[in-house]
Amino acid sequence: MSIPLPENVTCIIERLNAAGYEAYAVGGCVRDSLLGRTPEDWDICTSALPQEVMACFPQCKIHTVGLKHGTVLLMLDGQGYEITTYRTDGPSHDHRHPDGVHFIRSLREDLARRDFTINAMAYHPAHGLADPFGGQSDLAAGIVRCVGEPKRRFEEDGLRILRGLRFASRYGFQIEPQTGTAIRQQAELLQFVSGERILAELKGILAGKGAAQLLLDYREPFGVIMPELIPMFDHPQHNPHHCYDVWGHTCHAVGQVAGDWLLGLTMLLHDAGKPRCFSQDENGVGHFHGHPAESVKIASDILARFHCDNQSRDTILTLIAWHDRVRVFTRRSVRRILASLGEENTRLLFRVMYADAMAQSPATLPQKLEGLAEGERILEELLTEDACFTLKNLAVSGKDLLALGYPAGPELGAALNTLLDAVMEERLPNQRQALLDALPPPEQDTSTQNRNKRQ
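Residues numbered from 1 in each chain as written. Predicted model: local features only at pLDDT ≥ 70, side-chain atom pairs only at ≥ 80, totals over all residues. Heavy atoms only, no water.

> How would you sum up the overall build of the protein? Please name residues and give values.
In terms of regular secondary structure, the protein is built from 22 helices and 13 strands. With the C-alpha coordinates aligned to their principal axes, the bounding extent of the protein is approximately 100 × 65 × 40 Å. Expressed as a percentage of the 455 residues in the protein, the buried residues total 48%. Residue pairs at least 24 apart in sequence account for 65% of intrachain contacts in the protein once pairs closer than 6 positions are excluded. Averaging the coordinates of the 46 positive side-chain charges in the protein and doing the same for the 58 negative ones gives two points 3 Å apart. (Helix = DSSP H or I, 4+ residues; strand = E, 2+ residues; numbered from the N terminus. Buried < 20%, exposed > 50% of the residue type's maximum accessible area, 1.4 Å probe, protein only. Contact = heavy atoms within 4.5 Å. Lys, Arg positive; Asp, Glu negative; His and termini not counted. Charge placed at Lys NZ, Arg CZ, Asp CG, Glu CD.)

> Give a detailed account of the pairing of strand E4 (residues 71-76), specifying residues and quantitative values.
In this sheet, E4 lies alongside strand E3 (residues 61-63) in antiparallel orientation, the contact comprising three bridges. When the bridges of E4 are listed, isoleucine 62 appears paired with leucine 74. In this sheet, strand E5 (residues 79-85) lies alongside E4 in antiparallel orientation, the contact comprising six bridges. When the bridges of E5 are listed, leucine 76 appears paired with glutamine 79. (Pairing = 2+ DSSP bridges.)

> Summarise unusual backbone geometry; cite the residues concerned and give the values.
We note that aspartate 77 has phi near 55°; this positive angle belongs to a residue other than glycine. Tracing the chain through its elements places aspartate 77 in the loop between E4 and E5. Unlike most non-glycine residues, glutamate 426 shows phi in positive territory, near 60°. Relative to the elements of secondary structure, glutamate 426 occurs in the loop between helix H20 (410-424) and helix H21 (432-438). In this structure glutamate 426 comes out as partly exposed when scored by relative accessible area, which is 43%.

> Residue-level account of the sheet that holds strand E1 (residues 23-26), with values.
An order of E3-E4-E5-E2-E1-E8-E9 is seen for the seven strands of this open sheet, with the pairing classed as mixed. The sheet is open, and its two borders are formed by E3 and strand E9 (128-130), each paired with just one other strand. Each neighbouring strand pair of the sheet contributes to a mean axis angle of 35°, computed without reference to strand direction. Two elements, E1 and strand E2 (residues 43-46), share four bridges in a ladder whose sense is antiparallel. Pairing of alanine 25 across the sheet is with isoleucine 44, part of E2. Across the sheet, helix H1 (residues 7-18) is in contact with E1, E2, E4, E5 and strand E8 (122-124); its angle to E1 comes to roughly 150°. (Axes fitted to C-alpha atoms, helices over the stretch in contact; angles between N-to-C directions.)

> Account for the side chain of threonine 46, naming residues and giving values.
If you trace the backbone, threonine 46 turns up in strand E2. A polar atom in the side chain of threonine 46 sits 3.1 Å from the backbone nitrogen of alanine 48. Not counting residues up to four positions away in its chain, the partners in contact with threonine 46 are Leu16, Tyr21, Glu22, Ala23, Val53, Ile83, Thr84, Thr85 and Tyr86. (Polar contact = N/O pair within 3.5 Å; in protein donor to acceptor, adjacent residues only side chain to side chain.)

> Tell me about the layout of surface pockets, and name the residues and values.
Put simply, the largest pocket is a space of about 1500 Å³. Residue lining of the largest pocket: 41 residues in total, with Asp43, Glu82, Arg114, Asp115 and Arg163 positioned closest to the centre. Listing elements by their share of the lining of the largest pocket, those giving two or more residues are helix H2 (28-34), E2, E5, strand E6 (87-89), helix H4 (107-112), helix H6 (150-156) and helix H7 (159-171). When residues of the lining of the largest pocket are assigned to their parent elements, the largest contribution, six residues, is made by H7. Considering only enclosed or pocket space, the second largest pocket measures out at about 770 Å³ in volume. If you go around the second largest pocket, you meet 26 residues; those closest to its centre are His241, Asp324, Arg327, Gln360 and Lys368. Within the residue set of the lining of the second largest pocket, elements represented by two or more residues are strand E13 (286-287), helix H17 (331-358) and helix H18 (365-384). In terms of residue count, the dominant contributor to the lining of the second largest pocket is H18 (five residues). Among the residues making up the lining of the second largest pocket, the classes are represented as six nonpolar, 13 polar and seven charged. (1 Å grid on protein atoms, 1.4 Å probe; cavity = no way out; pocket = protein on both sides within 12 Å on 5 of 7 lines; lining within 4 Å. Points joined across faces, edges and corners; volume = space filled by probe spheres on them. Nonpolar A, V, L, I, M, F, W, Y, C, P; charged D, E, K, R; others polar.)

> Can you break down the side chain of serine 295 residue by residue, with the values?
With respect to the helices and strands, serine 295 occurs in helix H15 (residues 291-305). Residue class for serine 295 comes out buried when judged on its relative accessible area of 0%. If we skip the residues at most four places from it in the chain, serine 295 touches Leu269, His270, Asp271, Ala272, Gly273, Lys274 and Ile320.

> Tell me about helix H13 (residues 261-269), and name the residues and values.
Burial analysis of H13 places eight of its nine residues in the buried class, the great majority of the element. When we look at burial in H13, the residues that qualify are Leu262, Leu263, Gly264, Leu265, Thr266, Met267, Leu268 and Leu269. The backbone nitrogen of leucine 262 lies 3.1 Å from a side-chain oxygen of the residue at the head of H13, namely aspartate 260.

Written out as structure tokens, the structure is:
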């Protein structure tokens, strides 16, 4: 099989070969090329030691941050190429990073230390594909399999547990049984992984087409990185609107937003508060009163622990807070959503509500979908009309009220908000003169009134 290499990658390999060293494109770039995808990065492995690599490119800019692990970053035409010396890794006491590395001259030994067979392939433009562990056949079969013994691979780096799930989700692959067993049994190793790295892998998992099934099949690692979710596992709902337990509903809801990690994370956390709010009435029907607010608290703690960026965090928490707030869609209710969330988040909220509904009982689904379709119709109608739902859209401004004698301050703001409420409830048209006519006269300052009396 021939893989077209970028010109710079070919030049790097040829220069290292000319100096007497082996060099191959390796890892994810080979995997993605075999899948017919365009690689995001091109990595190169070589028998040359780091100092020997640098000597081959004396005129090029080279970053040496990864030098102790045998990696240099070569800059060509503004793009970076990681070049790593063949190596074996020493033991890892933190289950994340090797305590040391040993440089070697064997490509096979270097590939043997890698995580999964689909990542343990290398390619040379003249020698072709080096695939000692069957990565190409696993790609063709859609399998994620550890190189060698899965238990050892995960003990070396606990993050590989999430990486394996990410590859399976991204490509829609199955996880080989022994690898899957090790993922479940060694999930506790994820305690050694930083929140930032967990979130990066979690985004990839949730953005993949296989996320829902992986959440159902491999809940153990998710319980380790987010122990707040464990009460959701096997928690019955006892409610005619639901055909799954809380975790099953959550997983199926995630599946409805495949391809969007932010909405995937929203759906993963949107019902996290349900177990804390569960109650049953005299008929045995389950209820979860107040669960959105409780879910927001849980999600806030998790996102803070993962060091999620503020914008994404605020969007996720807002969508969770609103996901069950509006049941009947009218022009007034949709205006209220727009006023609180803005157009972009309102559109996201409808996607969240659709995903939530699609993961509920088929018996009640048609009515819910009909209501959501009506809500979206009203949303488009209001946006087409350029309807007013914020103060900046109001036909009068603070300057107009100041000109009428309103003092700057709370009274002016309250008057504007009163007008906005009237417009959103369609008691007044959003027309300047109609709004000004509806204003009560400004209150006279009492100190001014007393001064006028004395005069």
